[in-house]
Amino acid sequence: MTERIDLDELDVGDDDEPEEESNPGDWFWRGEGDPEDEPPRTTGPAVKSDDAGEDSDGAEAPGADGNANAVDQNSQPAPHVPKAESGKPVGIPAATGGAGAGAGADDGGEPGAAEPAEPRPAGSAAEGPHGGGVDDMTIAFTYQALQHLEHPAAVFADAYSWSDWIGIVGDVGTPAITKFQRDHNLDADFFTGSGTDPSERLAEIDRTSMFYAERMVVIGTGERGETIADAADWEYIPLETAAEKAGWELS
């Protein structure tokens, strides 16, 4: 005969309720959580660096034993930088003079454009600019700040583990930024175009831009970096502070 169970004596505490987890990058810009507890990220562009990956003989490179700056390139999707009309500012709909998506098949636009042919109204916090919800963080390094990094590619790889988009802005022309990316094996999602003020470029990243996020941060140096952030209404973090928190080496 089956024993009768007194349900009033059962322990039905709240021990099984899941604990609230911090969002990726909270440790960096909010001071909550620990970078060692961050879950492995599976999004963000691959970054080719002399400090991570495999060498030409297929040997295991530094970072395979747990180097925080190493990235599994096979697990990273391609960058989201538009290739057409690369001489114009990216992330801006083509209809308004940028190199970003916005033109559809009916108006002769490039196939596979990220934005629909019909302009999307200002996105809501739930929907986001590209229909998948608002991203967590967008970072813009100033060109001057990048000059002080010992290993820019390793910094980009680390920053992509807890941010969604990374850009480069500065008081230099497109050729200078393009050369810097090529020399250091970087592939930024967006950057300042020639003749465009850095703060103007950042101010254009609104809810209609694919690079829009809940947190948008400028990492720079000196008064100029802070001025760029203030003019664009972005948050500002000095490079020295960011490097200390994230463990980046400065030259």
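Scroll up to find the structure.
Residues numbered from 1 in each chain as written. Predicted model: local features only at pLDDT ≥ 70, side-chain atom pairs only at ≥ 80, totals over all residues. Heavy atoms only, no water.

### Side note on the sheet that holds strand 2 (residues 165-169)
- Spatial ordering of the open sheet is given by 3-2-1-4-5, a layout of 5 strands whose pairing is parallel. The sheet is open, and its two borders are formed by strand 3 (190-191) and strand 5 (235-238), each paired with just one other strand.
- Pairing of strand 2 with strand 3 involves 2 bridges; the strand directions are parallel. When the bridges of strand 3 are listed, Ile168 appears paired with Phe191.
- The strands touched by helix 7 (residues 239-246) within the sheet are strand 4 (213-220) and strand 5, with strand 5 carrying the most contacts at an inclination of about 75°. (Pairing = 2+ DSSP bridges. Helix = DSSP H or I, 4+ residues; strand = E, 2+ residues; numbered from the N terminus. Contact = heavy atoms within 4.5 Å. Axes fitted to C-alpha atoms, helices over the stretch in contact; angles between N-to-C directions.)

### What about the nonpolar core?
- Grouped together as the largest cluster of nonpolar side chains are 29 residues, with contacts concentrated most on Phe141, Phe156, Ile219 and Trp248.
- Elements represented by at least two residues in this core include exactly strand 1 (135-142), helix 2 (143-146), helix 3 (152-159), strand 2, helix 4 (174-183), strand 4 and helix 7.
- In this structure Ile219 touches Phe28, Ile139, Ala140, Phe141, Thr142, Ala145, Ile237, Leu239, Ala242 and Trp248, once residues within four positions along its chain are discounted.
- If you look at the next biggest cluster of nonpolar residues, it comprises 16 residues, including Ala140, Ala213, Val218 and Trp234. (Core = buried A, V, L, I, M, F, W, Y, C linked by side-chain atoms within 4.5 Å. Buried < 20%, exposed > 50% of the residue type's maximum accessible area, 1.4 Å probe, protein only.)

### Brief notes about the packing of aromatic side chains
- Enumeration over the complete set of coordinates arrives at 7 aromatic pairs.
- The interplanar angle of 50° and the centroid separation of 5.9 Å between the aromatic rings of Phe141 and Trp248 together place this pair among those described as tilted. With a gap of 107 residues between them, Phe141 in strand 1 and Trp248 in the segment after helix 7 connect regions that are remote in the sequence. For the pair Phe141 and Trp248, a shared accessibility class is recorded, and that class is buried.
- Relative to Trp248, the ring of Trp162 lies with its centre 6.4 Å away and its plane at 10°, an arrangement referred to as stacked. Placement of Trp162 in the loop between helix 3 and strand 2 and of Trp248 in the segment after helix 7 is noted, with a sequence separation of 86 residues between them. Accessibility classification places Trp162 together with Trp248 in one group, the buried group.
- Ring-pair connections join several aromatic residues into one group, and the members of that group are Phe141, Phe156, Tyr160, Trp162 and Trp248. (Phe/Tyr/Trp six-rings, centres within 6.5 Å; stacked < 30°, edge-to-face > 60°.)

### A short note on the pattern of salt bridges
- All chains considered together, the criterion is met by 5 salt bridges.
- For the salt bridge of Arg224 with Asp171, the shortest nitrogen-to-oxygen distance reads 2.7 Å. With Arg224 in helix 6 (residues 222-232) and Asp171 in the loop between strand 2 and helix 4, the pair connects residues that are 53 residues apart, well separated along the chain.
- Taking the relative accessible area as the measure of exposure, Asp171 reaches 53% and is therefore exposed.
- Linking Glu204 and Arg201 is a salt bridge whose minimum nitrogen-to-oxygen distance equals 3.9 Å.
- Salt bridges here are not isolated pairs; linked through shared partners, they connect Asp171, Asp197 and Arg224. (Salt bridge = Lys/Arg side-chain N within 4 Å of Asp/Glu carboxyl O.)

As far as function goes, none of this settles anything; it's purely spatial.
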